[in-house]
Amino acid sequence: MEQPRKLLVIRFSSMGDIIYTTPVVRCLKRQLPGAEIHFLTKQQFKYIYEHNPYVDKLHILKPKLKDTIADIKLEKFDLIIDLHNNLRTTIIKLSTGLPASTYKKDRLRKWLGLKLKWTAFYPKEHLVERYLKTVKFLGVVNDEQPIDYYVAKEYKVEDLIPATHANGFVAFVIGATHYTKRMPVEKVIEICRDINGPIVLMGGNDVLENAQLIQTAIGDRVYSTCGKTNLDQSVFLVSKAKKVLGFDTGLTHIAEAFNMPLVSIWGSTAPELLGVFPYKVKESLEAGIDLPCRPCSKFGRDACPLGHFKCMKDIPNAMITDFINR
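Since the structure is predicted, the reported quantities are computational estimates derived from the model, not experimental observations.

Student: Hey, could you run me through the packing of helix H9 (residues 185-194) against helix H15 (residues 317-325) in this one?
Tutor: Between two packed helices, both the angle of their axes relative to each other and the distance between the axes serve to describe the pair. Across the interface, H9 lies against H15 with an axial gap of 9 Å and an inter-helix angle of 35°. Like other packed secondary-structure pairs, H9 and H15 cross with a definite hand, here right-handed. Side by side, H9 and H15 meet where Lys-187, Glu-190, Ile-191 and Asp-194 of the first sit next to Asn-317, Ile-320, Thr-321 and Asn-325 of the second. The residue inventory of the contact of H9 with H15, partitioned by class, reads 2 nonpolar, 3 polar and 3 charged.

What follows is the structure, given as structure tokens:
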């Protein structure tokens, strides 16, 4: 087809999935001269693209889908790149009648991989590479660069954390939406004890109590920003850390944008099932163990279905601390 001049890329959720769309947007903008790139997502995830220089205009999904469809029609796009592939994006494509290229989710393969624990059904490529297949027909190729994230402003490290930590720290992302994505606080304390140097804890108000327990157990070497910093400030601090470790959650994935040594810790979810292991990071470790029951979920659970929670409790501490301390 003739090169489209105006494209709409769609991904509604979640944080991790959206952050992995950024190489697609960057490659489109850089490799299609003069093309105008728009992005459509939910209100709660707009921060991922608000300051991205490769997006010409950011659109927010409205409460009524018909209003979003009306806005899309007014823009007169040449092409939709659908990286979500759900009922709403299908309705959008049918209602606008625009040409579209759609990401293939392979739902059946993932379901079989999850239920049968057959690795043959797991994706062989990273999610970024699977997203990029939707724009291959335009001559767009992978630029082999990390994901993108742009903080809103340049903060001062010393305004956010104590001077004792400002000159070099390890960032530990202790928050995650679901219980089975989080390591028990007792084990986090054990790991923090064995990490050399200052540690900055990151997360929201939901892990405030956990952070206080960790601080009390370890002492002043640990400083918590949980509930004290907004997301933009947290990402800024992550970008200034010496190394980062965290669970399967958005801030850990965002850390990949800064290409620093990174440990991602996996419990009930598994990077090989989702195809979301650290992308284009020079030094990284996916900490997790093989169990007959793992992975038990694509998204995490409120409790271990078997009650033992071995997927987190039995991860060797040294697997993590040796990487961080070396």
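What follows continues from the structure just given.
Student: Would you explain the sheet that holds strand S8 (residues 222-224) in this entry?
Tutor: Picture the strands of a sheet paired through backbone hydrogen bonds; they go either parallel or antiparallel. The parallel open sheet is built from 6 strands, whose spatial order is S8-S7-S6-S9-S10-S11. Two strands bound the open sheet, and with one partner strand each, they are S8 and strand S11 (284-287). Within this sheet the neighbouring strands show an average axis-to-axis angle of 15°, counted without direction. Lying over the sheet, H9 contacts strand S6 (170-173), strand S7 (199-202) and strand S9 (243-247), oriented at roughly 175° with respect to S6.

Student: Help me understand the nonpolar core, please; the structure alone is not making it clear to me.
Tutor: A general feature of soluble globular proteins is that nonpolar side chains tend to end up buried together. Residues Leu-7, Tyr-20, Leu-28 and Val-244 are the most contacted members of the largest nonpolar core, which totals 60 residues. Look past the residues within four positions of Leu-7 in its chain and what remains in contact with it is Leu-28, Leu-32, Ala-35, Glu-36, Ile-37, His-38, Phe-77, Leu-79, Ile-81 and Leu-138. If you look at the next biggest cluster of nonpolar residues, it comprises 35 residues, including Val-170, Val-188, Cys-304 and Cys-311.

Calculation rules
- Residues numbered from 1 in each chain as written.
- Predicted model: local features only at pLDDT ≥ 70, side-chain atom pairs only at ≥ 80, totals over all residues.
- Heavy atoms only, no water.
- Axes fitted to C-alpha atoms, helices over the stretch in contact; angles between N-to-C directions.
- Helix = DSSP H or I, 4+ residues; strand = E, 2+ residues; numbered from the N terminus.
- Left-handed = near helix turned anticlockwise from the far one by under 90°.
- Contact = heavy atoms within 4.5 Å.
- Nonpolar A, V, L, I, M, F, W, Y, C, P; charged D, E, K, R; others polar.
- Pairing = 2+ DSSP bridges.
- Core = buried A, V, L, I, M, F, W, Y, C linked by side-chain atoms within 4.5 Å.
- Buried < 20%, exposed > 50% of the residue type's maximum accessible area, 1.4 Å probe, protein only.

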